Amino acid sequence: MLVCERLCSFPFSQWIDHMGNVHGRVDGLNPSSKALLIGSHLDTVVDAGFFDGSLGIVSAIAALKALRVGGTLGRLVRPVEVIAFSDEEGVRFQSTFIGSAAVAGILPDSALQYSDKSGATVQEVLQRNSLQATKENLHQLKYDPDSVWGYAEVHIEQGPVLERVGMPLGVVKGIAGQTRLKVTVRGSQGHAGTVPMSMRHDPMVAAAELIVLLENVCKHPEDFLSFDDHCKDSSVQSLSGSLVCTVGEISPWPSASNVIPGQVVFTVDIRAMDDMGREAVIYEFSSRMYQICDRRSVSCNLERKHNAGAVMCDPELSTQLKSAAHSALRKMTNELDSEVPVLMSGAGHDAMAISHLTKVGMIFVRCRGGISHSPKEHVLDDDVWAAGLAVLAFLETHM
């Protein structure tokens, strides 16, 4: 609602689409020209902070407000559209980038039937909020690639690098590919006191062994993966520098202290800059998973819930954003001896989905301790200012 109020105070056209994305657009001098999209997401994870996603939206609105106050908003040579995307995090429906994927035209029709833990589907939740999401409406949300010039996103780093090097802003070179898996292990439910250890088919201990296996594969991929001589060195080196694997959720059934569970479900999040290496990790984990489950006389099933390839940011757009960040920092300090850092992103962003529509670029903003997805997430006021000035400088290159 706050985003709508901010946008409504501008000479924008504004609307909320059928997937809950909030849009605001100013046409500039040439309404028929290809548009510059600037955005990020509105949703967050459970028990999180205030900056992840929302900082990018506020920075864009603040920069456009500065142009309006300065009387130069109408001098933009192309339309500029700010988009506050819905459901980037994928917490509720276990599928990320729902809003931005719809705009990019890569969201499958089946996404409307993704369900949360209560059984409510995406479509049902949207309809409860007066958004008539149908397959037909979903197809209408896709932007024509010929109508878009590019996409820029400001986001907190969610890591410690910028703080370590003492820089408020950095430019993103690329975003790691990501796969989310759902692993279901089924065994024999029973009484905790009466079933002998030798006769148990316990999915919990099988799940525990699988989780430790995943950690070992991801810590030491060179000990598990097999490549041919041509690609082994580069792939393993790439994985060693970027591969991370996380089990973030475990759900046993019936989840009682005196019951051997009959089923355990856990999530797996795998990220790496090397897509082939990431697939090799998934294959190796899957293969060994079935061996472990067979040995323990339980059944296992693995489902892919989300898959996104690594994305490299557009070099030209990144150069413009780097120059804009440099300009912003120079205005704040009157001098800048160091280069604006260029970083890789291990976190997924809406830019990954929008890369299927147009060229993308990103600016990272320093966050305290590199902490994100936590109530301790924090960005200094001066760094928020720097982000807004960088977006403003970037927009001024489109005049």
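The protein chain carries the name allantoate deiminase in an unreviewed UniProt entry, which gives Punica granatum as its organism. Turning to the protein chain, the UniProt record has this under Subcellular location (unreviewed entry): "Endoplasmic reticulum". Quoted verbatim from the Catalytic activity (unreviewed entry) heading of the UniProt record, the comment on the protein chain is "allantoate + H2O + 2 H(+) = (S)-2-ureidoglycine + NH4(+) + CO2".

(A) Just helix H12 (residues 381-396), in detail. For H12, with 16 residues, the first-to-last C-alpha span of 23 Å sits near the 22 Å given by 1.5 Å per residue. Those residues of H12 that fall on the buried side of the exposure criterion are Asp-383, Ala-386, Ala-387, Gly-388, Leu-389, Ala-390, Val-391, Leu-392, Ala-393, Phe-394 and Leu-395.

(B) Molecular detail of the packing of aromatic side chains. One pass over the structure, following the stated rule, counts one aromatic pair. An angle of 55° between the planes, with centres 6.2 Å apart, marks the rings of Phe-85 and Tyr-151 as tilted. In this pair, Phe-85 is assigned in strand E4 (residues 80-85) and Tyr-151 in strand E5 (residues 148-156), connecting sequence segments 66 residues apart. What makes Tyr-151 buried here is its relative accessible area of 0%. Its end group placed over the ring of Trp-149, Lys-359 keeps NZ or CZ at 4.1 Å from the ring centre.

(C) Quick look at the domain arrangement of the protein chain. With domains assigned, the protein chain is organised as domain 1 (1-175 + 310-397) and domain 2 (177-308). With 16 residues of domain 1 in contact, the opposing surface of domain 2 contributes 12 residues. Each partner contributes to the roughly 1000 Å² buried at the junction of domain 1 and domain 2, and carbon and sulfur atoms together form 50% of this total. Considering only the side of domain 1, the residues that lose the most area to domain 2 are Gln-94, Thr-96 and Ala-310, jointly responsible for 49% of the buried surface there. The tally of links between domain 1 and domain 2 comes to one salt bridge. Salt-bridge contacts for Glu-249 lead to Lys-117; the nearest nitrogen and oxygen are separated by 2.8 Å. Our count for the domain 1 to domain 2 interface comes out at five residue pairs in polar contact (both at pLDDT 80 or more).

(D) Summary view of the layout of surface pockets. A volume near 1400 Å³ is recorded for the largest pocket. Forming the walls of the largest pocket are 48 residues, and the residues nearest its centre are Glu-89, Gln-94, Arg-180, Thr-267 and Asp-269. Only strand E7 (177-186), helix H8 (232-242), strand E9 (244-246), strand E12 (263-272), strand E13 (299-308) and strand E15 (342-345) provide two or more residues apiece to the lining of the largest pocket. In terms of residue count, the dominant contributor to the lining of the largest pocket is E12 (six residues). Across the lining of the largest pocket, the residue classes break down as 15 nonpolar, 20 polar and 13 charged.

(E) Molecular detail of the state of the cysteines. In the structure shown here, the tally under the stated rule is two disulfides. Covalent S-S linkage joins Cys-218 and Cys-245, the inter-sulfur distance amounting to 1.8 Å. Disulfide Cys-218-Cys-245: torsion about the S-S bond near -80°, hence left-handed. With a gap of 27 residues between them, Cys-218 in helix H7 (residues 203-219) and Cys-245 in strand E9 connect regions that are remote in the sequence. Classification of Cys-218 by relative accessible area gives buried; the value is 11%. Along the protein chain, the cysteines engaged in disulfide bonds are linked according to the scheme 1-2, 3-4 when indexed in sequence order. Between Cys-313, a free cysteine, and Cys-367, which holds the nearest cysteine sulfur, the sulfur-to-sulfur gap is 17 Å. Note on Cys-313: relative accessible area 7%, which makes it buried. Using a relative accessible area of 0% as the deciding quantity, one classes Cys-367 as buried.

Calculation notes
Residues numbered from 1 in each chain as written. Predicted model: local features only at pLDDT ≥ 70, side-chain atom pairs only at ≥ 80, totals over all residues. Heavy atoms only, no water. UniProt positions renumbered as here; feature names shortened; annotations may be inferred. Helix = DSSP H or I, 4+ residues; strand = E, 2+ residues; numbered from the N terminus. Expected span 1.5 Å × (residues − 1). Buried < 20%, exposed > 50% of the residue type's maximum accessible area, 1.4 Å probe, protein only. Phe/Tyr/Trp six-rings, centres within 6.5 Å; stacked < 30°, edge-to-face > 60°. Lys NZ or Arg CZ within 6 Å of the ring centre and 35° of its normal. Domains from an automatic or database assignment. Contact = heavy atoms within 4.5 Å. Buried area = accessible area lost by both parts, 1.4 Å probe. Salt bridge = Lys/Arg side-chain N within 4 Å of Asp/Glu carboxyl O. Polar contact = N/O pair within 3.5 Å; in protein donor to acceptor, adjacent residues only side chain to side chain. 1 Å grid on protein atoms, 1.4 Å probe; cavity = no way out; pocket = protein on both sides within 12 Å on 5 of 7 lines; lining within 4 Å. Points joined across faces, edges and corners; volume = space filled by probe spheres on them. Nonpolar A, V, L, I, M, F, W, Y, C, P; charged D, E, K, R; others polar. Disulfide = S-S within 2.5 Å.

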